[in-house]
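# A structural walkthrough
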Amino acid sequence: MLKEGQTAPAFELPADNGDPVSLKDFKGQPVVLYFYPRDLTPGCTQEACEFRDQWTAVKKKGAVVLGVSADPVKKHQAFKEKHSLPFPLLSDEKKETLKAYGVWKKKKFMGREFMGIVRSTFLIDKSGRIEKIWSPVSLKGHVEEVVNSL
C-alpha cells in the first residue's frame, strides 16, 4: 500500500481523446489523481461533476485533475461530453496503474465478492511525491476537502 511522502508511481495512459497522458507531463504542478469505479454511474457522476464545479478553484491553485477508471476511451468520451468535464479521464483497461496505486481490490456488494476499483484520491505535489491519500473516499464533502488541501 502506498503511503503519504512516497514518490507517486509513474504511469502513461490514454486519455478520453486518445492521446497518451503521463504523470511526468505535470511535473512542477500539483496533481489531483482520482480513481473511480465506472463512468455514467450515480456516485462517479456526482464526484466528476463536483470536480468540474470546483475546476476554477483547482486551476487558481495551479493544479490539474486527472480521473482514472478501467473504462475504455470511448466510454470516457461519452461521460466527459455528457457532463462537460474540463479535465482528462484516463483509461486503464489493463489495470496496471490501478494496481500500482493499490486501488484494484476485492470488494463486496449485495453478498457477492469481486475485484474492482476502490474510490480513492491522491494529491501529488509538484515534485511527484504523494502529499495526501483519501481511500476509500466518502463523497460528501470530499472534493471540497481536496481543493482545500491544495
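Refer to the preceding data block for the structure.
### Notes on the packing of aromatic side chains
- This structure, assessed with the given rule, holds ten aromatic pairs.
- Ring centres of Tyr36 and Phe79 lie 6.1 Å apart, and the angle between their planes is 40°; on these two criteria the pair is classed as tilted. You can see Tyr36 sitting in the loop between strand S3 (31-35) and helix H1 (42-53) and its partner Phe79 sitting in helix H3 (residues 73-83), a full 43 residues away along the chain. Of the two residues, Tyr36 and Phe79, neither departs from the other in class, the shared state being buried.
- Seen from their ring centres, Phe51 and Phe87 are 6.4 Å apart, and the 80° between their planes marks the pair as edge-to-face. Of this pair, Phe51 sits in helix H1 while Phe87 sits in the loop between H3 and strand S5 (89-91), and the two are 36 residues apart along the sequence.

### What about H1?
- Between its first and last C-alpha, H1 extends 16 Å over twelve residues, near the 16 Å set by a 1.5 Å rise per residue.
- Turning to H1, its buried residues are Cys44, Thr45, Glu47, Ala48, Cys49 and Phe51.

### Some words on the side chain of Asp16
- Examined against the element boundaries, Asp16 turns out to sit in the loop between strand S1 (12-14) and strand S2 (20-22).
- Take Asp16: its relative accessible area is 8%, and that puts it in the buried class.
- A polar side-chain atom of Asp16 sits 2.8 Å from the main-chain amide nitrogen of Leu89.
- Ignoring sequence-local partners within four residues, the contact set of Asp16 consists of Val73, His76, Gln77, Lys80, Phe87, Pro88 and Leu89.

### Examining the sheet that holds strand S4 (residues 64-69)
- Read from one edge to the other, the open sheet built from five strands follows the order S5-S4-S3-S8-S9, with strand pairing classed as mixed. Strand pairing shows two members of the sheet lacking a second neighbour, S5 and strand S9 (130-134), which therefore form its edges. Across this sheet, the average inter-strand angle for adjacent strands is 20°, counted without regard to direction.
- In the packing of H3 onto the sheet, contacts are made with S4 and S5, and the angle to S5 comes to roughly 165°.
- Each of S3, strand S8 (120-124) and S9 is contacted by helix H5 (residues 142-149), which is oriented at about 165° to S9, the strand it contacts most.

### Considering H3
- When H3 is considered as a whole, its buried residues turn out to be Val73, His76, Phe79 and His83. Burial along H3 is one-sided: seen end-on, the buried residues are contained in an arc of 120°. For H3, the exposed residues set more than 90 degrees away from the buried face come down to Lys74, Glu81 and Lys82.
- Looking at the buried positions of H3, the neighbouring elements they touch are S1, H1, S4 and S5.

About the criteria used
- Residues numbered from 1 in each chain as written.
- Predicted model: local features only at pLDDT ≥ 70, side-chain atom pairs only at ≥ 80, totals over all residues.
- Heavy atoms only, no water.
- Phe/Tyr/Trp six-rings, centres within 6.5 Å; stacked < 30°, edge-to-face > 60°.
- Helix = DSSP H or I, 4+ residues; strand = E, 2+ residues; numbered from the N terminus.
- Buried < 20%, exposed > 50% of the residue type's maximum accessible area, 1.4 Å probe, protein only.
- Expected span 1.5 Å × (residues − 1).
- Polar contact = N/O pair within 3.5 Å; in protein donor to acceptor, adjacent residues only side chain to side chain.
- Contact = heavy atoms within 4.5 Å.
- Pairing = 2+ DSSP bridges.
- Axes fitted to C-alpha atoms, helices over the stretch in contact; angles between N-to-C directions.
- Arc of directions from axis to C-beta.

Remember that the coordinates give geometry; whether it matters functionally is a separate question.
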